[in-house]
Amino acid sequence: MESSSSSHHDRHEKTLTITQIEQLGVEEKVAEIFQILNGVSPHTRSLIMELQRDKHIEFLTRGLRLLGPSYHVLDANRPWLCYWILHSLALLGEPLDLEFENAAVDFLLRCEAEDGGYGGGPGQMAHLATTYAAVNSLITLGSMWALSSINRDKMYKFLSQMKDPSGAFRMHDAGEMDVRACYTAISVASILNILDYELVKDVGSYIVRCQTYEGGIAGEPGSEAHGGYTFCGLATMILINEVDRLDLPRLLDWVAFRQGVECGFQGRTNKLVDGCYSFWQGGVLALMQRLLPIADEQLKLTFVPRSCLSMKSSNNSRSADTGDSPGLYDDLCQSSTSHQQIEGKLPDVGLAFINKKPNWGPLFNSTALQQYILLCSQVLEGGFKDKPGKQRDHYHSCYVLSGLSVSQYSWSKDENAPPLPKAVLGPYSNLLEPIHPLYNVILDRYYKAHEFFSGRQAQD
Ligand SMILES: CC(C)=CCC/C(C)=C/CC/C(C)=C/COP(=O)(O)OP(=O)(O)O
Ligand SMILES: [Zn+2]
């Protein structure tokens, strides 16, 4: 048994060595870090792999303070900074001072555009990315004031305006059309309970066109499969209850091979690993964990794409064909009956999905991913980075922590029961809060928002 002073010394020494590794070339760094790990006792290893919770909270809180009225860096991204910081703090289980909470709601209210949606700052044009960030921030804040500050009536109008006649969404008025826009629009509409068939119409067909020969999903038809867009595309297809239109075995094959020897994920074939893909790719695999029965069905059928099965139908959107051919995914949604669809009500997939417990363990090496996160992406002074040699930032802090949470809960059959100690790498105090993987908000904030918005019609 090591004395506490010697283990303290060990840890300090190893920390220094890890810091020196920063001077090496990128590819050697990860290998060097893991070599150190192999040479130390299990006790020291556990200490090295400790989540520097207080340091992270300090780094994030400082960021929140800087976001005040005099802030002018990344001026068109302020709701994003709010979300990255607030969500990171929530993942760490850190409550927010009332002063910050009020300032954040007040600020986001000022970012709301006159015709609905949220801009990058007060007075700026509404944009789907900052709308998603603002809505997720307000849900993360979770107070009655925060939730009721969202004008859902105007939001619905804004989302309708962003919808292109092809079915896909544009990021802003006359802006680019891509899978990210589809996800942010559908995620916001779903969590605010304003999703209807008008918004859903033909969006699935657009995303199906973005799945590439590799199996992952690209930002737009004809581009390269990428983890960020694969998360967006897959989550959207689940939320609109059309996920069986994707080739899921091929998608699973592609994403499973994106975890590298460094233990982290890469975003696309032949690129370097990066901490933020812990969520984009790790999140895809968390979603896939609940979709295996559908992937299995597709394999049994040697996969005939749904679009081919329903070729007889002039409109291959799900709203037109579900009535007579129930989708493979419909068992998730008890409310998905043709009767309710006639009344124009979409199944509550967000809730059904999280209530459906996976029967399998993780589809990736969740211990290895935690190792990459804690040793290669964590900055001991607070915050997370892409990879050794890079600087920490709030975007990476948010998505690395989200990926860490997904990994820690990847063995859990029931998110109400805490994970077993063996599922959490390092000391058990590393455990974060669980998230809802379709929206990337803390699970209990999702439930609160769901309760608040369920049964309400867009009114405000
Ligand atoms: C909800 C929302 C807005 C989601 C965004 C999803 C997301 C992260 C998309 C990735 C965009 C992209 C092509 C990055 C490639 O960057 P790169 O070429 O620098 O990185 P790489 O070498 O890792 O591919
Ligand atoms: Zn990154």
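Preceding block: the structure.
As a starting point, this report considers the structure included with it.

Analysis parameters
Residues numbered from 1 in each chain as written. Chains lettered and ligands numbered in written order. Predicted model: local features only at pLDDT ≥ 70, side-chain atom pairs only at ≥ 80, totals over all residues. Heavy atoms only, no water. Core = buried A, V, L, I, M, F, W, Y, C linked by side-chain atoms within 4.5 Å. Buried < 20%, exposed > 50% of the residue type's maximum accessible area, 1.4 Å probe, protein only. Helix = DSSP H or I, 4+ residues; strand = E, 2+ residues; numbered from the N terminus. Contact = heavy atoms within 4.5 Å. Arc of directions from axis to C-beta. Polar contact = N/O pair within 3.5 Å; in protein donor to acceptor, adjacent residues only side chain to side chain. Donors = N, O, S within 2.8 Å, 3.2 Å for Na, K, Ca; no water. Tetrahedral: all angles 85-135°; square planar, octahedral: opposite > 155°, others 65-115°. Near = heavy atom within 4 Å. Areas by Shrake-Rupley, 256 points an atom, 1.4 Å probe, with all protein chains shown as cover. Nonpolar A, V, L, I, M, F, W, Y, C, P; charged D, E, K, R; others polar. Axes fitted to C-alpha atoms, helices over the stretch in contact; angles between N-to-C directions. Parallel < 35°, antiparallel > 145°, perpendicular 65-115°, else oblique. Left-handed = near helix turned anticlockwise from the far one by under 90°. Phe/Tyr/Trp six-rings, centres within 6.5 Å; stacked < 30°, edge-to-face > 60°. Salt bridge = Lys/Arg side-chain N within 4 Å of Asp/Glu carboxyl O. Disulfide = S-S within 2.5 Å. Patch = residues over 30% accessible without salt bridge, like charges linked within 9 Å, V, L, I, M, F, W, Y side chains within 5 Å. Lys, Arg positive; Asp, Glu negative; His and termini not counted. Charge placed at Lys NZ, Arg CZ, Asp CG, Glu CD. 1 Å grid on protein atoms, 1.4 Å probe; cavity = no way out; pocket = protein on both sides within 12 Å on 5 of 7 lines; lining within 4 Å. Points joined across faces, edges and corners; volume = space filled by probe spheres on them.

**Topic: the nonpolar core**
- Of all hydrophobic cores here, the largest spans 135 residues; its most connected members are Met155, Leu159, Phe169 and Leu234.
- Examining the composition of this core, we find that 10 residues originate from one element, helix α5 (residues 78–91), more than from any other.
- If we skip the residues at most four places from it in the chain, Leu159 touches Leu128, Phe169, Ala185, Val188, Ala189, Ile194 and Leu199.

**Thoughts on helix α9 (residues 152–162)**
- Among the residues of α9, those classed as buried are Arg152, Met155, Phe158, Leu159 and Met162. Seen end-on, α9 carries its buried residues on one side only, within an arc spanning 110°.
- Measuring from the side-chain oxygen of the N-cap residue of α9 to the backbone nitrogen of Asp153 gives 3.3 Å; that N-cap residue is Asn151.

**Some points on the coordination of the zinc ion (ligand 2)**
- Ligation of the zinc ion (ligand 2) by protein atoms is provided by Asp274 (OD), Asp274 (OD), Cys276 (SG) and His396 (NE2), these donors lying 2.1 to 2.6 Å from the ion.
- One can describe the donor arrangement at the zinc ion (ligand 2) as irregular, given that its 4 donor atoms subtend angles of 56 to 122° at the metal.

**Observations concerning the site of ligand 1**
- Taken together, the residues surrounding ligand 1 are Trp80, Arg180, Tyr183, His226, Gly228, Tyr229, Cys232, Arg268, Lys271, Tyr277, Trp280 and Tyr395.
- At 2.8 Å, a side-chain N or O of Lys271 approaches an oxygen atom of ligand 1.
- The separation between an oxygen atom of ligand 1 and a polar side-chain atom of Tyr277 is 2.6 Å.
- When ligand 1 sits alone it has 640 Å² of accessible area, and the protein chains cover 69% of it.
- Breaking the shell around ligand 1 down by element, the ones donating at least two residues are α10 (179–191), α13 (227–239) and α15 (277–289).
- Sort the elements by how many residues they give to the shell around ligand 1 and α13 lands first, with 3 residues.
- Residue composition of the shell around ligand 1, grouped by class: 7 nonpolar, 2 polar and 3 charged.

**Concerning the packing of α13 against helix α14 (residues 248–256)**
- Packing of α13 against α14 brings their axes to within 12 Å, and their N-to-C directions diverge by 150°. If you check the angle between α13 and α14, you find them roughly antiparallel. Relative to α14, the crossing made by α13 is left-handed. Each of Gly227, Thr230 and Leu234 in α13 lies in contact with α14, whose residues at this interface are Leu248, Leu251 and Trp254.
- Broken down by class, the residue content of the contact of α13 with α14 amounts to 4 nonpolar, 2 polar and no charged.

**Regarding the environment of Gly283**
- With respect to the element layout, Gly283 can be found in helix α15.
- Sequence separation between Gly283 and Gly219 is 64 residues; the distance between their C-alpha atoms is 17 Å.
- Not counting chain neighbours up to four residues away, the residues in contact with Gly283 comprise Phe231 and Ser278.

**Quick look at unusual backbone geometry**
- Positive phi values are uncommon outside glycine, yet Asn270 reaches one of about 65°.
- Positionally, Asn270 belongs in the loop between α14 and α15.
- Residue Asn440 is not a glycine yet carries a positive backbone phi of 55°.
- The class of Asn440 is buried, set by a relative accessible area of 0%.

**Section: the packing of aromatic side chains**
- For the structure on display, the rule yields 17 aromatic pairs.
- Each ring, one from Tyr83 and one from Tyr132, has its centre 6.1 Å from the other, and the planes form 65°; the classification is edge-to-face. Here Tyr83 is found in helix α5, whereas its partner Tyr132 is found in helix α7 (residues 128–141), with 49 residues between them in sequence. The two residues Tyr83 and Tyr132 agree in class, both being buried.
- Each residue in the set Trp80, Tyr83, Trp84, Tyr132, Tyr183, Phe231, Phe279, Trp280, Tyr395 and Tyr399 is aromatic and connected to the rest through ring pairs, giving one cluster.

**Observations concerning the pattern of salt bridges**
- Evaluated as defined, the whole model comprises 14 salt bridges.
- For Arg110, the salt bridge identified is with Asp106, shortest N-O distance 3.8 Å. Linking Arg110 with Asp106, this pair stays in helix α6 (residues 98–111), spanning 4 residues, or about one helical turn.
- On the accessibility criterion, Arg110 (44% relative accessible area) is partly exposed.
- Where Glu176 meets Arg180, a salt bridge forms, and the shortest distance between an N and an O atom there is 3.1 Å.
- Using a relative accessible area of 38% as the deciding quantity, one classes Glu176 as partly exposed.
- Connected through shared salt-bridge partners, Glu176, Asp178 and Arg180 make up one network.

**A short note on the state of the cysteines**
- For the structure shown, the criterion picks out 0 disulfides.
- Here Cys210 is not cross-linked by a disulfide; its sulfur's nearest cysteine counterpart is in Cys182, at 7.3 Å.
- This cysteine, Cys398, is not joined by any disulfide, and Cys276 carries the nearest cysteine sulfur, 10 Å off.
- Note on Cys398: relative accessible area 0%, which makes it buried.

**Here's the deal with a negative patch on the surface**
- Taken together, Asp54, Glu94, Asp97 and Glu99 make up a surface patch of like negative charges.
- Here Asp97 is to be found in the loop between α5 and α6.
- Judged by its relative accessible area of 46%, Asp97 is partly exposed.

**Description of empty space enclosed by the protein**
- Evaluated as defined, the whole model comprises 2 cavities of 30 Å³ or more.
- As a volume, the largest cavity reaches approximately 240 Å³.
- For the largest cavity, the lining is made up of 17 residues, of which Arg290, Val406, Tyr409, Ile435 and Pro437 are closest to its centre.
- Mapped by element, the contributors of at least two residues to the lining of the largest cavity are α15 and α22 (394–408).
- Residue composition of the lining of the largest cavity, grouped by class: 9 nonpolar, 4 polar and 4 charged.

These results come straight from atomic positions and should not be treated as a statement about function.
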